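Descriptive analysis of the structure
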Amino acid sequence: SAVISQKPSRDICQRGTSLTIQCQVDSQVTMMFWYRQQPGQSLTLIATANQGSEATYESGFVIDKFPISRPNLTFSTLTVSNMSPEDSSIYLCSVTFTGAGQPQHFGDGTRLSIL
Amino acid sequence: SQELEQSPQSLIVQEGKNLTINCTSSKTLYGLYWYKQKYGEGLIFLMMLQKGGEEKSHEKITAKLDEKKQQSSLHITASQPSHAGIYLCGADSGSNYQLIWGAGTKLIIKP
């Protein structure tokens, strides 16, 4: 298991601005993921954060809009850039340990509202 | 590509009653995970199933994976207000530890 601290827990931002969300894990993990969950919807994977290299983005998500950093095995950030009301969502960080049958463990999420 | 269908979409249950949530896959499941999410918060891992016919229990929650490994059920016995939330199933995609997610089941417990 892992303890995941995600900050901020919520924020209200003006359109056109950017916000950086932090994800800190209490142990070294191989895989870190960033998800978006729009109101009433399931999880959509934004990208896999790779340590020491660029993140791997899913279809529909680009680095210019959602730059990700992963400087070490315990920390990652997701920036939501040039925000619009459509970016209002919950953003979730998750981690998993390598090996078959390892579940993903989630942070408490960041609830983001764009005015 | 693999898809997970959860049913029902939402459920209102009288406190003390039993309930079942289902998760059906379009392909064979090689790892099926159940999570619970309270409103606006992160996901809490409940249980993981891998083998056909496998059944696991924790307190009043039992998860099963059918023999064909294409359907899983989550059963709650004698429901309590603390069981309220959104239940999601996730399946191993076979790619880079990523999971495919069901749409979720919203559970409301009536006192």
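Heads up: the structure comes first, above all this text.
Heads up: these notes are all about the structure in this document. In this text the structure is predicted, and so the values were computed from the model without any measurement.

Some details on the overall build of chain B
- A tally of regular secondary structure across chain B gives zero helices and eleven strands.
- When the helices and strands of chain B are listed from N to C terminus, the series reads β-β-β-β-β-β-β-β-β-β-β.
- By the compact-globule yardstick of 13 Å for 111 residues, chain B fits well, its C-alpha radius of gyration being 13 Å.
- Principal axes of the C-alpha set define a box for chain B whose edges measure 40 × 30 × 20 Å.
- As displayed, chain B has an accessible area near 5,800 Å², and 48% of this comes from carbon and sulfur atoms.

With respect to the sheet that holds strand 3 (residues 19-25) of chain B
Residues and elements named next belong to chain B.
- On the basis of which strands lie adjacent, the open sheet formed by five strands has the order 1-3-8-7-6 and antiparallel pairing. The sheet terminates laterally at strand 1 (4-7) and strand 6 (55-58), the two strands that pair on one side only. Pairwise comparison of adjacent strand axes, ignoring direction, gives a mean angle of 15° for this sheet.
- Sheet analysis places strand 3 next to strand 8 (residues 71-76), joined by six bridges and oriented antiparallel. Looking at the pairing, C23 lines up with S72 of strand 8.

Focus: the interface of chain A and chain B
- Of the residues lining the interface, 25 residues belong to chain A; the matching set on chain B comes to 19 residues.
- Note on chain A versus chain B: buried area summed over both sides is about 1,700 Å², and carbon and sulfur give 53% of it.
- Scanning the region where chain A abuts chain B turns up zero salt bridges.
- Those elements that place two or more of their residues in the side of chain A that touches chain B are strand 4 (31-37), strand 5 (44-49) and strand 9 (89-96) of chain A.
- Its residues placed into classes, the side of chain A that touches chain B shows eleven nonpolar, eleven polar and three charged.

Cut-offs and rules
Residues numbered from 1 in each chain as written. Chains lettered and ligands numbered in written order. Predicted model: local features only at pLDDT ≥ 70, side-chain atom pairs only at ≥ 80, totals over all residues. Heavy atoms only, no water. Helix = DSSP H or I, 4+ residues; strand = E, 2+ residues; numbered from the N terminus. Rg over C-alpha atoms; globule rule 2.2 N^0.38 Å. Areas by Shrake-Rupley, 256 points an atom, 1.4 Å probe, with all protein chains shown as cover. Pairing = 2+ DSSP bridges. Axes fitted to C-alpha atoms, helices over the stretch in contact; angles between N-to-C directions. Contact = heavy atoms within 4.5 Å. Buried area = accessible area lost by both parts, 1.4 Å probe. Salt bridge = Lys/Arg side-chain N within 4 Å of Asp/Glu carboxyl O. Nonpolar A, V, L, I, M, F, W, Y, C, P; charged D, E, K, R; others polar.

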